[in-house]
Amino acid sequence: PEPDSPPHDRVDPRMLRELSLQVAAHVSVTPGVQVALSRGLPPTLWQPSFTVCIGDGQVRVLTFAFVGEPVIGDRPDRKRTPFCLRIATEDLVEAAADTARGRGRAKEARVSYVAEVASENMHSSLDCIISVEEKLFGAIEDGRWEAIMGQTDDD
């Protein structure tokens with residue numbers, strides 16, 4: 001360990017604060033709206049759900065939402081489209097630790113995203129999460145996020 005790092009049974013309060021700020025910034029529709037706009041889609045996320053994933057020494061925020069058109073559904077909590085968007089932040093622990101140690105300024109975390117055609121039985125963003133549940137738990141456990149983001153070893 002580095003000389004200024006806390007004992008293993010304590011968390012550096014500066015690092016925890018920075019990590020909390022990073023997580024809070026992504027438990028928001030803003031990153032999803034930015035992705036939608038960058039791809040020429042309407043800046044609307046339907047039924048956004050946020051998942052904070054902690055495992056393998058990493059913390060990541062995932063956003064699941066319906067994007068694009070046509071929009072179907074009679075109420076805001078039932079509106080959906082044929083496309084499910086999945087966004088994942090990079091590991092927020094490393095960036096928070098660097099900022100807390102004075103090795104860098106707080107920066108916007110990089111995100112990866114994938115949009116897929118939603119199956120006919122996907123009526124909620126929870127259904128989108130459940131559709132990748134096995135890959136999600138695997139990524140949390142082993143820290144490898146390529147499969148959850150639709151990437152292969154060739155990407």
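Residues numbered from 1 in each chain as written. Predicted model: local features only at pLDDT ≥ 70, side-chain atom pairs only at ≥ 80, totals over all residues. Heavy atoms only, no water.

Novice: Run through the packing of helix α1 (residues 13-26) against helix α3 (residues 92-100), naming residues and quoting values.
Specialist: α3 packs onto α1 with a crossing angle of 130° between their chain directions and a minimal axis gap of 8 Å. Our classification of the angle between α1 and α3 gives oblique. Along this stretch, α1 crosses α3, giving a crossing that reads as right-handed. Counting all contacts with α1, which are made through Arg 14, Met 15, Glu 18, Leu 19, Gln 22 and Val 23, the residues of α3 involved are Leu 92, Val 93, Ala 95, Ala 96, Ala 97, Thr 99 and Ala 100. Across the contact of α1 with α3, the residue classes tally to nine nonpolar, two polar and two charged. (Axes fitted to C-alpha atoms, helices over the stretch in contact; angles between N-to-C directions. Helix = DSSP H or I, 4+ residues; strand = E, 2+ residues; numbered from the N terminus. Parallel < 35°, antiparallel > 145°, perpendicular 65-115°, else oblique. Left-handed = near helix turned anticlockwise from the far one by under 90°. Contact = heavy atoms within 4.5 Å. Nonpolar A, V, L, I, M, F, W, Y, C, P; charged D, E, K, R; others polar.)

Novice: Can you break down the environment of Val 27 residue by residue, with the values?
Specialist: Within the element layout of this structure, Val 27 appears in the loop between α1 and α2 (30-38). In this structure, the C-alpha to C-alpha distance between Val 27 and Ser 49, residues 22 residues apart in sequence, is 8.6 Å. Leaving out residues up to four positions away in the same chain, Val 27 has contacts with Phe 50, Val 52 and Val 61.

Novice: Which residues make up the state of the cysteines, and what are the values?
Specialist: Per the counting criterion, the structure on display carries one disulfide. Covalent S-S linkage joins Cys 84 and Cys 128, the inter-sulfur distance amounting to 2.4 Å. Taken together, the residues Cys 84 in strand β3 (residues 83-89) and Cys 128 in helix α4 (residues 125-131) connect sequence positions 44 residues apart. Take Cys 84 and Cys 128: they sit in the same class, and that class is buried. (Disulfide = S-S within 2.5 Å. Buried < 20%, exposed > 50% of the residue type's maximum accessible area, 1.4 Å probe, protein only.)

Novice: Quick one: what's the story with the pairing of strand β2 (residues 58-67), residue by residue and with numbers?
Specialist: With ten of its ten residues buried, β2 lies for the most part within the structure. Side chains Gln 58, Arg 60, Leu 62, Phe 64 and Phe 66 of β2 all project onto a buried face; the interleaved residues Val 59, Val 61, Thr 63, Ala 65 and Val 67 project onto the opposite face, where all are buried too. Hairpin connection from strand β1 (residues 46-55) to β2: two residues lie between these consecutive antiparallel strands, with Asp 56 at a positive phi of about 55°. By the bridge criterion, six bridges tie β2 to β3 in an arrangement that is antiparallel. Counterpart to Leu 62 in the pairing with β3 is Ala 88. (Pairing = 2+ DSSP bridges.)

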